[in-house]
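# Residue-level structural notes
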Amino acid sequence: MNRFLAIAFILFCFEIGLFLVFVPWSMLWEHNVLLGYSFALQRLLLNNFVRGAVSGLGVVDLVLGLSELSRFWKSLKIAK
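Thresholds applied
- Residues numbered from 1 in each chain as written.
- Predicted model: local features only at pLDDT ≥ 70, side-chain atom pairs only at ≥ 80, totals over all residues.
- Heavy atoms only, no water.
- Helix = DSSP H or I, 4+ residues; strand = E, 2+ residues; numbered from the N terminus.
- Rg over C-alpha atoms; globule rule 2.2 N^0.38 Å.
- pLDDT = per-residue confidence, 0-100.
- Buried < 20%, exposed > 50% of the residue type's maximum accessible area, 1.4 Å probe, protein only.

### Let's talk about the overall build of the chain
Helix and strand content of the chain: four helices and zero strands. Helices and strands appear in the chain in the N-to-C order α-α-α-α. Here the C-alpha atoms of the chain give a radius of gyration of 17 Å, more than 25% beyond the 12 Å that 2.2 N^0.38 yields for 80 residues. C-alpha extents for the chain along the principal axes are approximately 55 × 20 × 15 Å.

Put into structure tokens, the structure is as follows:
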């Protein structure tokens, strides 16, 4: 069960990381329904610094996934 949870966590980190890296620079981010309701929110979320911060968070999440993957790989080698 622990191996399954570790694999699920690693996949989750990669999925969220890739999402946060690429989506702020896509049309999905620019044509969000929430941006139509608030001009201040639109100015904030379309700011390149905010997009970069969100992408940076995605990179941190990818690094976390890679570190967990290496730790998981080492635990498999030790168990054998």
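### Some thoughts on the confidence of the model for the chain
Note: predicted coordinates in regions of low pLDDT should not be interpreted at a detailed level. Averaged over all residues, the pLDDT of the chain equals 92, while 96% of them reach at least 70. Summarising per-element confidence for the chain, the mean pLDDT is lowest in helix α3 (residues 39-45) (90) and highest in helix α1 (residues 2-22) (95).

### Concerning the environment of Phe-22
Position of Phe-22 relative to the elements: it lies in helix α1. Given the relative accessible area of 56%, Phe-22 is considered exposed.

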